[in-house]
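# An overview of the molecular structure
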Amino acid sequence: MPITIKLESSWQLALKDELCKSYISNLKKSLESEEVNGFEFYPPKELIFNAFQHTPFNKVKVVIVGQDPYHGIGQAHGLSFSVPKGVPLPPSLKNIFKEIEADIGGFNAKHGDLISWADQGVLLLNSILTVRKGQPASHQKKGWEQFTDAVLMKINENEKPCVFLLWGKYAQEKGRHLNQQKHLILKAAHPSPFSAYNGFFGCKHFSKANQFLEKYERTPINWHTISF
């Protein structure tokens, strides 16, 4: 089946020039080749652009940059760090929830589905939007990085100040060209168990993000919606 890049209308308009570039065609062919050769990849095709569907371009307030999707069965659904309801919490997501509880309190996660954040304006953006089953980083250097760089630059050009949460060296390198005079760029260690104690815990990014949004008269994010 052909791969189609179907974006929410405001993203389609913002990225119209990017979507015409040759690397996009090559990226689609690469994914189609995966299918033809019998490789399963995640998330399912209809969810590859899920983050864009839930967070229109003109609604973006916060961007959380991940690397690539979870590579286990049923985990990835197109939102960085998020898993569908009913799926066990991955270690990094557990640590994100621990930091929220320590930062703003009153947090008791009922599940790991972050769609309620996305619907409030949190773009949960992976740098690489697909991955082969069981093989992390297997779809790197196929074009996704160029596409998501373009996404970040479009947000960077947005007249409304946004917050970028860059956790770990990979995300921080990804965001190196962001305008720190206009936007709030928050950096910390990755929430992975291997690095969370090296600066992720105690970063207070969730309260800092909301303080910044309120400063610019933008509605803060209700991070507690995962507790409902």
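Structure report, in brief. All values derive from a computational prediction rather than experimental measurement.

### With respect to helix α4 (residues 91-104)
When the terminal C-alpha atoms of α4 are compared, their 20 Å separation across 14 residues agrees well with the 20 Å that a helix rising 1.5 Å per residue should span. Among the residues making up α4, those that are buried are Ser92, Leu93, Asn95, Ile96, Phe97, Glu99, Ile100 and Asp103. Where α4 is buried, its residues meet α5 (115-118), β5 (163-167) and α8 (205-215). Residue glycine 105 follows α4 closely and has a positive phi angle near 70 degrees.

### Brief notes about the packing of aromatic side chains
The full count for this structure, using the stated rule, is 18 aromatic pairs. One aromatic cluster in this structure is built from Phe81, Phe97, Phe107, Trp117, Trp167, Tyr197, Phe200, Phe201, Phe206 and Trp223. One cation-aromatic arrangement involves arginine 132 over phenylalanine 39; the distance from NZ or CZ to the ring centre is 3.6 Å.

### Considerations on the sheet that holds strand β2 (residues 62-66)
In spatial order, the strands read β3-β2-β5-β6; together these 4 strands make up an open sheet with parallel pairing. At either end of the open sheet lies a strand with only one pairing partner, and these are β3 (122-126) and β6 (184-188). Within the sheet, the average angular offset between the axes of one strand and its neighbour, ignoring direction, is 20 degrees. Two elements, β2 and β5, share 4 bridges in a ladder whose sense is parallel. Bridge pairing in β5 links valine 65 to leucine 166.

### With respect to the environment of lysine 160
If you trace the backbone, lysine 160 turns up in the loop between α6 (144-157) and β5. Note: C-alpha distance between lysine 160 and leucine 213 (53 residues apart in sequence) is 10.0 Å. Each residue touching lysine 160, except ones within four places of it in the same chain, is listed here: Asn58, His183 and Arg218.

### Description of the pairing of β5
Burial analysis of β5 places 5 of its 5 residues in the buried class, which makes it a mostly covered element. Where β5 meets β6, 5 bridges bridge the pair, whose relative direction is parallel. The residue of β6 that forms the bridge with leucine 166 is lysine 187.

Reading guide: rules and limits
Residues numbered from 1 in each chain as written. Predicted model: local features only at pLDDT ≥ 70, side-chain atom pairs only at ≥ 80, totals over all residues. Heavy atoms only, no water. Helix = DSSP H or I, 4+ residues; strand = E, 2+ residues; numbered from the N terminus. Expected span 1.5 Å × (residues − 1). Buried < 20%, exposed > 50% of the residue type's maximum accessible area, 1.4 Å probe, protein only. Contact = heavy atoms within 4.5 Å. Phe/Tyr/Trp six-rings, centres within 6.5 Å; stacked < 30°, edge-to-face > 60°. Lys NZ or Arg CZ within 6 Å of the ring centre and 35° of its normal. Pairing = 2+ DSSP bridges. Axes fitted to C-alpha atoms, helices over the stretch in contact; angles between N-to-C directions.

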